[in-house]
Amino acid sequence: MIFASDNWAGASAPVAAALAAAAAGMAPAYGSDAVTRTVEARFREVFERDVAVFLVTTGTAANALSLQALMRTAGMVICHEGAHIHGDEAGAVEFFSGGRLHPVPGAAGKLDADAVASAIGRYPAGGRNGRPVAVSLTQASELGTVYRPDEISAIADTARAAGLSVHMDGARFANALVSLGVSPAEMTWRAGVDVLSFGATKNGCWCAEAVVLFDPSRAEDLRYARQRAGQMVSKSRFLAAQFEAYLHGDHWLDNARHANAMARRLADGIVAGRFGRLNTPCEANEVFAILPDAARRRAEAAGARIYPWPPTGDAEVREGETLMRLVASFATSAEDVDRFLAILGDG
Ligand SMILES: Cc1ncc(COP(=O)(O)O)c(C=O)c1O
């Protein structure tokens, strides 16, 4: 009953097999191997256009390098106040890009075009405080919700009208994608996204993330930036091997569908059994549920791993309750979900 995080899951069987196969023999280093070329071609196929792809080891590195690619002198990135880049990356974006973050609140973990417009409006051109240069959206959001393509477009249009670029933190990209039932292109560049942190670790890889530039002319700078950041992995064939297996056929989408279905089973079970309340709609692979402390203690005593989550503006957490985050992954079983629900209801 591990619902602590999707990165508690190991690697999926095809990814683990690909890693084992990549361990044999010799291959050119520093991204010059044949599998890396195959993976780059696969990314072009997935996104239906030319893209520049940089394989890295962590989501934090992908975000920091993505936003470094968009940064300008005295620049600022507008993000949600709950964004991972704001609260959980120890200032990596600021450190690597030299810019700052401007966090703004937003219902259900999401920014909207009005909030972005008013944040931009706080920095008149030529002012002494610096200038907003990018908006960063997290898809799926840090509260388990997803941005529809029209919501992304509205934000991107607002950003673009003021000369800003758009970054997407897609640590849970596949979960959002299958939830919406749209194409990778529709959820990104067709909606106005310029740079994507493409996550794979949480959904079946051991350690593989990518920066995807929809404007490949930005690639030259990023090549140096990745090297400087210590993210040019010498035996990068192991990153490529993971991506090759991950993106083969529908493996990545199937993993995400399973994770989302398990989260939905959890959310539906909590609501149907009246074991707690949902803080935000379950739209991907995470459930944010307000649970009575007694139920939480019972579950934890039975070995469940779940994390309390700091309530934000939307949460109505009463005395004797805690907002908990429950995360499902490709490795979550229906039996574990049902056992957990039975314990919650056993009060
Ligand atoms: C939304 C989001 N972005 C980025 C990351 C960063 O990933 P990593 O821990 O690999 O640096 C995470 C990890 O939890 C995340 O949830």
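Everything numeric in this text was worked out from a predicted model, so none of it was measured.

Enquirer: Can you lay out the site of the ligand for me, pointing to particular residues and giving the numbers?
Expert: As a structural note, the neighbourhood of the ligand is formed by Thr58, Gly59, Thr60, Asn63, His84, Glu89, Thr138, Glu142, Asp169, Ala171, Arg172 and Lys202. In the environment of the ligand, an oxygen atom lies 3.3 Å from a nitrogen or oxygen atom belonging to the side chain of His84. Between the ligand and the protein, one listed contact pairs an oxygen atom with a side-chain N or O atom of Arg172 at 3.3 Å. If the ligand stood free it would expose 390 Å²; the protein chains cover 80% of that surface. Taken together, the residues of the shell around the ligand sort by class into one nonpolar, six polar and five charged.

Enquirer: Describe the pattern of salt bridges, with residues and values.
Expert: Evaluated as defined, the whole model comprises 18 salt bridges. For the salt bridge of Asp338 with Arg265, the shortest nitrogen-to-oxygen distance reads 2.7 Å. One end of the pair, Asp338, is in helix H14 (residues 334–344); the other, Arg265, is in helix H12 (residues 251–272), and 73 residues separate them in sequence. Taking the shortest distance from any N to any O, the salt bridge between Glu286 and Arg325 comes out at 3.3 Å. With Glu286 in strand E9 (residues 286–292) and Arg325 in strand E11 (residues 321–327), this residue pair connects regions lying 39 residues apart in the sequence. Each member of the pair Glu286 and Arg325 is classed as buried.

Calculation notes
Residues numbered from 1 in each chain as written. Predicted model: local features only at pLDDT ≥ 70, side-chain atom pairs only at ≥ 80, totals over all residues. Heavy atoms only, no water. Near = heavy atom within 4 Å. Polar contact = N/O pair within 3.5 Å; in protein donor to acceptor, adjacent residues only side chain to side chain. Areas by Shrake-Rupley, 256 points an atom, 1.4 Å probe, with all protein chains shown as cover. Nonpolar A, V, L, I, M, F, W, Y, C, P; charged D, E, K, R; others polar. Salt bridge = Lys/Arg side-chain N within 4 Å of Asp/Glu carboxyl O. Helix = DSSP H or I, 4+ residues; strand = E, 2+ residues; numbered from the N terminus. Buried < 20%, exposed > 50% of the residue type's maximum accessible area, 1.4 Å probe, protein only.

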